[in-house]
Amino acid sequence: MTVSVVLYTSDLRVHDHPPLRAALEGAQEVVPVFVRDPAVDRAGFAAPNRLAFLADCLADLDRGLEDRGGRLVVREGDTVSEVQGLVRQTEADEVHMAAGVTAFARAREKRLRRVLEDDGCRLYVHDGVVTVVPPGDVLPHGSDHYAVFTPYYRRWTAEPLRTPLPAPRALRVPSGVRSERVPRRSTVTDVSPALAVGGEREGRQRLGRWLAEHIDTYEERHDDLAGDVTSRLSPYLHFGAVSATEAVYRAGRRGGAGADAFVRQVCWRDFHHQVLAARPEAAVADYRPRQDFWRRGADAEADLAAWREGRTGYPVVDAAMRQLAHEGWMHNRGRLITASFLTKTLCIDWREGARHFLDLLVDGDVANNQLNWQWVAGTGTDTRPYRVLNPVVQGKRYDPDGSYIRRWVPELAGLDGPAVHEPWRLTGLDRASFDYPDPLVGLSDALARFRQASRTA
Ligand code: FAD
């Protein structure tokens, strides 16, 4: 019997899975394995919301493989040693896995390749599993990555799109392969109360429903905070429960302005992945280095705590921060507003905000989180680094009747019209009727502080 191992990482699905397909073509039996590696936790990638969602994804992947006659093997320990042990036990000739973009993932691939080669086993690292276009496949003249989105997008859309692969009909796992129990969501504590359910089935249903019901209005409505009509596919894409290639392919077949706008957003995901692949240090260091002008000390700490807890006194900022705590997810417009508020209105280091987002976001990933934070903070690839989003103007524009604010800030549920966006303007009895903090800082003072600080930087 020939055997291949499929090492699952950020690609927890059976549909459109090139490594699984290649393994089945080359061997009679396959060992699909996921390794819970403590090094991943130590590197800061684990957080309760993501662990809970991951548990759902693994349970569902196990079911998906069982439906086809197989099962998922779960191991705990160092990924390289666990895979090596499996290869030796099953006498596998090949290991297949998806290419990663983080420094951590690449170091793991390198180590795995070395160890397996010594054992006479070949490692196949498949591109185009996590992203649609592999990092490095489209490049500008004279550079190892695109630093500006629009020219990248033009090249990206011109690339041929792979036709998504169907799930395999059947697979066989060799007998006698030990597995830990597939982790269960119920064993994870400190999970956000309204965290989405993970898994390939759930993700595929969501994709199908969203394509049928909302994609046509996506272009006009994607910034509507209360309408909440974006796809919410980000956690499924992050864990690979839904293939980004398949999402783009199916959106493209539907066609229209909404589909084009959606595909463009998915391209942002690839864009950040190719930046991170070329500049792994951008996960922690400024992509465009400049003089550090962030506020530090007790006052800044107190402001940071108020931002985290959603009590800055700016309703749309607080609404978004509370949505994050409750759902482990935040609307993109909310992410832009809260990140701009932290870095430009409060002048606090983007790394503080990115860390808090990574602690809570179910879709939190190094490429999209760190590079979006840098984009907003003005240290990243944004071509207008001094743009500041005014939270009152943003609130009025993207939540005109205040429904989003009232949903997440119950103290303000009794206010409507303009008052809900600027409650500090109310006086006397009106002001006494709700218990909500005054703004941490006036917007014109904050703007002057930011301009002064960034001029000297
Ligand atoms: P949709 O609007 O339906 O978009 C479809 C898909 O396109 C998303 O699922 C996502 O995979 C991708 N996408 C959309 N916008 C972006 C973007 N700006 N950058 C990269 N990919 C995008 N996204 C993450 O997946 N993980 C993160 O950790 C993350 N952190 C962010 C931090 C900040 C400060 C900001 C401003 C944005 C961040 N984003 C992150 C991007 C974006 O906010 C989310 O992808 C989006 O809100 C997810 O909702 P959705 O699936 O409904 O998106």
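Parameters at a glance
Residues numbered from 1 in each chain as written. Predicted model: local features only at pLDDT ≥ 70, side-chain atom pairs only at ≥ 80, totals over all residues. Heavy atoms only, no water. Near = heavy atom within 4 Å. Polar contact = N/O pair within 3.5 Å; in protein donor to acceptor, adjacent residues only side chain to side chain. Helix = DSSP H or I, 4+ residues; strand = E, 2+ residues; numbered from the N terminus. Nonpolar A, V, L, I, M, F, W, Y, C, P; charged D, E, K, R; others polar. Domains from an automatic or database assignment. Pairing = 2+ DSSP bridges. Axes fitted to C-alpha atoms, helices over the stretch in contact; angles between N-to-C directions. Salt bridge = Lys/Arg side-chain N within 4 Å of Asp/Glu carboxyl O.

## Observations regarding the site of the ligand
Taken together, 28 residues lie around the ligand, and Tyr218, Thr230, Ser231, Arg232 and Asn332 are the ones closest in. Side-chain polar atom of Tyr218 to an oxygen atom of the ligand: 2.5 Å apart, as the coordinates give it. Put simply, the parts of the chain that give the shell around the ligand at least two residues each are helix H9 (234-238), helix H11 (257-278), helix H14 (332-345) and helix H16 (366-377). Here the shell around the ligand gets 6 residues from one element, more than from any other, and that element is H11. Here the shell around the ligand is built from residues that sort into 13 nonpolar, 10 polar and 5 charged. Three or more residues apiece are contributed to the shell around the ligand by two domains, here domain 2 (131-161 + 200-278) and domain 3 (298-456).

## Observations regarding the sheet that holds strand E2 (residues 29-36)
Spatially, 5 strands are ordered E3-E2-E1-E4-E5 in an open sheet, and the strand pairing comes out parallel. Single-partner strands in this sheet number two, and they are strand E3 (73-76) and strand E5 (122-126). Here the average twist between neighbouring strands, direction ignored, is 25 degrees. Where strand E1 (residues 3-8) and E2 come together, 6 bridges link them in parallel fashion. Pairing of Tyr8 across the sheet is with Phe34, part of E2.

## Side note on the pattern of salt bridges
A side chain with one charge may pair with a side chain of the opposite charge, provided their charged atoms come close. Under the criterion given, the structure shown has 32 salt bridges. Among the ionic pairs, Glu180 bridges to Arg178, the shortest N-O distance being 3.4 Å. Members of the salt-bridge network, linked through shared partners, are Asp286, Asp292, Arg296, Asp349 and Arg351.

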